Amino acid sequence: MCEKLDPEEVKGIMRQIFGDITRVVAGYDAFIEKYIGDAVMALFGVPKAHEDDPVRALEAAREIHQLVVACSPRLQERIGHKLSMKTGIYTGLVVTGEIDLYRGTHGVAGGPLNRASRLCGLAQPGEILVGRDTYCRAREHFSFQDLGGYKIKGVAESVQVYKVISSRPQVGMMLMADVQEDSFVGRELELIQLKEMFNRVYERQEGGIVFITGNAGVGKSRLLAEVKRRFSTTEMRWLQGRSLSYGQLISYWPFMEIIRRFAGITAEDHELAAWDKLLHHIYELFHDETAEILPYLASLMTLAVPGEYQQRVEFLDGEAMGRQIMRAMWRFFERLVQRQPLILVFEDLHWTDRSSLELLEHLSPLVKDYPLFICLLSRPEIEGPQMGLRHHFAAEYAHQYHEMMLSPLSPSESVDLMGSLLQCEKLPRQVRELIYEKAAGNPLFIEEVVQSLKEMGAVVQEGKSCRWDFLPQFDELMISGTIRGLITARIDRLHDEVKQVLKIAAVIGRNFFYRVLQAIDEADPALDASLERLQQIDLIREKRQIPELEYMFKHDLTQEAAYESILIQRRVELHRKVGEIIEVLFHDRLEEFYGLLSYHYSRGEEWEKAQYYLFKAADQAGKIAADSEALDHYKKALTVYEQVYGRENSGGFGSFGSLQKGFDRL
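These figures come from a predicted structure and were not determined experimentally. (Residues numbered from 1 in each chain as written. Predicted model: local features only at pLDDT ≥ 70, side-chain atom pairs only at ≥ 80, totals over all residues. Heavy atoms only, no water.)

1. Some points on the overall build of the protein
Each helix and strand counted, the protein has 27 helices and 16 strands in total. Residues classed as buried in the protein amount to 48% of the 666 residues present. Looking at the protein alone, contacts between residues at least 24 apart form 67% of all its contacts between residues at least 6 apart. Just so you have it, the protein exposes about 33,400 Å², and 49% of that area is on carbon and sulfur atoms. (Helix = DSSP H or I, 4+ residues; strand = E, 2+ residues; numbered from the N terminus. Buried < 20%, exposed > 50% of the residue type's maximum accessible area, 1.4 Å probe, protein only. Contact = heavy atoms within 4.5 Å. Areas by Shrake-Rupley, 256 points an atom, 1.4 Å probe, with all protein chains shown as cover.)

As C-alpha cells, this is what we get:
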C-alpha cells in the first residue's frame, strides 16, 4: 500500500482502520496495548477479567477481519491487491505493570505475548490461529481445524495450533441432543417440582414463571436439559435465549436469539438469507398481517428492512420504534402460544440488557391467560436490574411465580457423579476426598477436576471401567482454564478493598483466623464489611466463633484462583508476615501451629525458620506415632536444608544430625 499511495493517504487509511479496531476491542471490554507498524496487540482480561475472555478475543478477531474485508474493495484497484488481516491468539498468565492511561500501556510481560505473536506470523491472510488453551475454552462456540504441533522460536516445547473455521450456533445445554441420562445426578426434588409446573402448562393450559438461581457450574442448564429429556412432547414448543457476558451492550440480545431459533437463522446466513427465513416463518404465522409484525422484528434483529416494509420503520424515532417492538413481540408470542403451549427459557439473566428486562416484564401478563411458561436462569446476584424483575414477579404473579435455589451436590451425590464421569464403580477413598475437597459439590468443578485426573494420566479408561495408574497428591491438580476464568472473573467484579481482603485471606489458607487477617489488613477500617460482603456472595463462610473466630473459603478452587492472582514476590512477603503474626498472636500455644508455621515460612523463603518448625512438627508427629506424617515433615526439612546450605554441605550444620536421627527413629 505504501508503494501505491501517498504516505499521508496511507496514514489516514491506517488511522481509520485502527480507530475501527479500537472500537471493536473496546466493545468486548478489552484493551489495546500497542500498535506496532500495521500490527495491533490487544489484551483481553486486562484490566478486568471475564470468564469468557478467549471467546471475546475470537469474536473481536472475526469482527475485525470482517471490517477489513469490507473496506478492501474501495482500495483494491488502487493498491493492486486485497486488504486482509491475520491473527494469533494465545491464552495464559501474564504480569502487568503500572497502568499508564496517558501512554495507553499496561507494561505487560509474559510468554503468551510471544506465542500470540508467533501464531500471527504462522497465519495465512484471513486466518485466525490459536493455542490449545484458547481452543479448549472456545470449542463450544467455534469450530476449529487441528493443525498439529509447531516449533516456535523462544519456546522449548512444541505448541499445538488450531485454525478457526466458523462459529457454532449457541443452542444451550437444554436443547442439546446428546444429553446423557447417566451424567445427571441428584436434583430429584427440583425435577419433580419442575415436572409438576410443566404438567400444568401442558394438561391444564396454565401459564407460570420460575426463577432458578445458583452459582456458576451448579447445574441450572443441566437441570432444564433433564426436565426436557424426561418431559419430551411434540405438543410443546421450547425456545431459548442466552445472554452473553458482553451482551449488555446489545439491546434485546436474548430475544434476538429466540427469534433466530424460531426462524432457523444460523450464524452463517447472510443478511438476505436471514430476511427470507424470517419472512417465511412470520408469514406462516400471520399471513395478511405480516406487514404489522415483520418490519419491527427485523429491526430488533438489526436486519435491513427492504421494499414495501421499509416505509413502516423509516420515519420512526427511537421511542416510537421501542413501542412498536413491544407491540410486535406481544403479538408474536401471543400467536405462538395460541397454537401450542410454549416454554420460554432465558439463560444467564444476570447479564441481560435493560431493554430485554423491560420487554420481559411487558410480556409477562401473557402467563395469566395462556399456556406460557417462562424459565429464568440466573446467578444469585444480590444487586442489579434483574432483582427488580424478581420482586415484580413475586408481587404481581403470586400464584404463578416460583423461585428455586440450586445448592451444591451432597457428598454422596458428588461420589455418584464422579463414578459416572470416570466409569468406575468403586473410587479410591483418597480420590473421592480429593475431588470433593477441590470441587465442594459443584458439578462443573467436579467434571473439570475429573478431566484433570484423566489428562495427568492418573486414571486410564478401559472399556466401561477404569484403571488407576497412581493416586495423585492434592496439590498436583491444576485449575482448568474454564474454572479459572469463572472464578477470576467473579473476583475481578469485587470492589478493590473486598478483593484485597480475599487475596490476603487466600495466602493465609483455606481456613483463616479473623485476628490474623486483621493484623495483616490493619490499615483497612472496612474489614468487617468486606468479610460480610464475601459471605453474602458465597465466596467464604464463617466456620466457627469459639474459641477463635475463623472463616473458610467455600471452594478450595476459589482460594487457589485468588492466591495465583497475587504477584509471586508479594506472596512471599505475605507468607513471611503471616508466620510472624502467628508467632505473636499464639505464642502461648505455638505447638498447635508448627505445621502451619513451617508452611508459611517455607513459602516466605525464611528457610531457617521453616526448617526449625518442620523439625518441631516432625518430632510432634513422631511422639503420637503418626509415622507417615513425621516422615513427610522430615523429608520437607531436608528439602529446606538443601535450600539453605546446598546439597553437598551436609556436615556444617548441627540440625542435619537431628534430621538423620529423626529418619533413624522412623
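2. So, helix α14 (residues 385-396)
Between the first and last C-alpha of α14 there are 17 Å, a value that for 12 residues agrees with the 16 Å anticipated at 1.5 Å per step. Turning to α14, its buried residues are Q386, M387, L389, R390 and F393. For α14, the angular spread of the buried residues around the axis is 155°, confining them to a single face. Exposed side chains of α14 directed beyond 90 degrees from the buried face belong to H391 and A395. Residues of α14 that are buried sit in contact with β7 (208-213), α12 (354-363), β10 (372-378) and β11 (401-405). (Expected span 1.5 Å × (residues − 1). Arc of directions from axis to C-beta.)

3. Some details on helix α9 (residues 271-286)
In this model, α9 (16 residues) spans 22 Å end to end at C-alpha, consistent with the 22 Å of a helix rising 1.5 Å per residue. For α9, the complete set of buried residues consists of A273, A274, W275, L278, I282, L285 and F286. Immediately beyond the C-terminal end of α9, within one or two residues, lies H287, with a positive phi of roughly 50°.

4. Considering the nonpolar core
If you look at soluble globular proteins, the nonpolar side chains tend to sit buried side by side. Formed by 65 residues in total, the largest nonpolar core has its most connected members in I435, L502, F512, V516, L517, L531 and L534. If you tally residues by element for this core, the top one is helix α19 (residues 496-508), at 8 residues. Residues in contact with F512, not counting those within four places in the same chain, are A505, L517, L531, I540, L549, E550, Y551, M552 and F553. Listed in part, the 57 residues of the second largest apolar core include F262, I293, L294 and M329. (Core = buried A, V, L, I, M, F, W, Y, C linked by side-chain atoms within 4.5 Å.)

5. Some words on the sheet that holds strand β4 (residues 128-130)
If you walk across this open sheet you meet the 4 strands as β3-β4-β6-β5, and the pairing is mixed. Strand pairing shows two members of the sheet lacking a second neighbour, β3 (87-89) and β5 (142-150), which therefore form its edges. Each adjacent strand pair in this sheet contributes to an overall mean axis angle of 30°, direction not counted. Across 2 bridges, the pairing between β4 and strand β6 (residues 159-167) is antiparallel. By the bridge assignment, L129 is partnered in β6 with K163. Relative to β3, helix α4 (residues 111-122) is tilted by about 145°, and along the sheet it contacts β3, β4, β5 and β6. (Pairing = 2+ DSSP bridges. Axes fitted to C-alpha atoms, helices over the stretch in contact; angles between N-to-C directions.)

6. Considerations on unusual backbone geometry
Glycine aside, residues mostly have negative phi, and peptide bonds are mostly found in the trans state. A cis amide bond links I546 to the next residue, P547, at an omega of 0°. Structurally, the position occupied by P547 is in the loop between β15 (540-544) and β16 (550-553). Phi angles above zero are rare outside glycine, and R187 is one such case at about 65°. Its location among the elements puts R187 in the loop between β6 and α6 (188-203). Residue R187 is classed as buried on the basis of its relative accessible area of 8%. Its identity is not glycine, yet E605 carries a phi of approximately 60°, on the positive side.

7. Things to note about the environment of E573
Secondary-structure assignment places E573 in helix α23 (residues 568-585). C-alpha separation for the pair E573 and Y601, spaced 28 residues apart in sequence, amounts to 9.9 Å.

8. Digging into the pairing of strand β2 (residues 39-43)
The pairing of strand β1 (residues 31-36) with β2 spans 5 bridges and is antiparallel. In the sheet register, Y35 faces β2, and the bridge partner there is V40. Where β1 hands over to β2, the hairpin turn is made up of 2 residues, of which G37 adopts a positive phi near 65°.

9. Comments concerning the packing of aromatic side chains
Aromatic ring pairs are defined here through the distance separating the ring centres and the angle between the ring planes. Across all of its chains, the model carries 21 aromatic pairs by this definition. The interplanar angle of 85° and the centroid separation of 5.2 Å between the aromatic rings of F198 and F373 together place this pair among those described as edge-to-face. Of this pair, F198 sits in helix α6 while F373 sits in strand β10, placing them 175 residues apart in sequence. Each of the two residues, F198 as well as F373, counts as buried. Consider the rings of F512 and Y551, whose centres lie 5.8 Å apart with planes at 20°: the pair is stacked. Remark: Y551 occurs in strand β16 and F512 occurs in strand β14 (residues 511-513); sequence separation between them is 39 residues. The residues F512 and Y551 share a single accessibility class, namely buried. (Phe/Tyr/Trp six-rings, centres within 6.5 Å; stacked < 30°, edge-to-face > 60°.)

10. Some points on the packing of α9 against helix α11 (residues 318-339)
Remark: α9 packs on α11, axes separated minimally by 10 Å, with the N-to-C direction vectors making an angle of 65°. Along this stretch, α9 crosses α11, giving a crossing that reads as left-handed. On the side of α9, the interface is formed by I282, E284, L285 and F286, while α11 contributes R331, F332, R335, L336 and R339. (Left-handed = near helix turned anticlockwise from the far one by under 90°.)

11. Description of the environment of E33
Considering the arrangement of structural elements, one finds E33 in strand β1. For E33, a relative accessible area of 5% corresponds to the buried category. As for E33 and L43, which are separated by 10 residues in sequence, their C-alpha atoms are 6.4 Å apart.

12. As for the environment of D492
Position of D492 relative to the elements: it lies in helix α18 (residues 481-492). Expressed as a C-alpha distance, the spacing of D492 and K48, which sit 444 residues apart in the sequence, is 6.1 Å. The contacts of D492, once residues within four sequence positions are left out, are P47, K48, A49 and K499.

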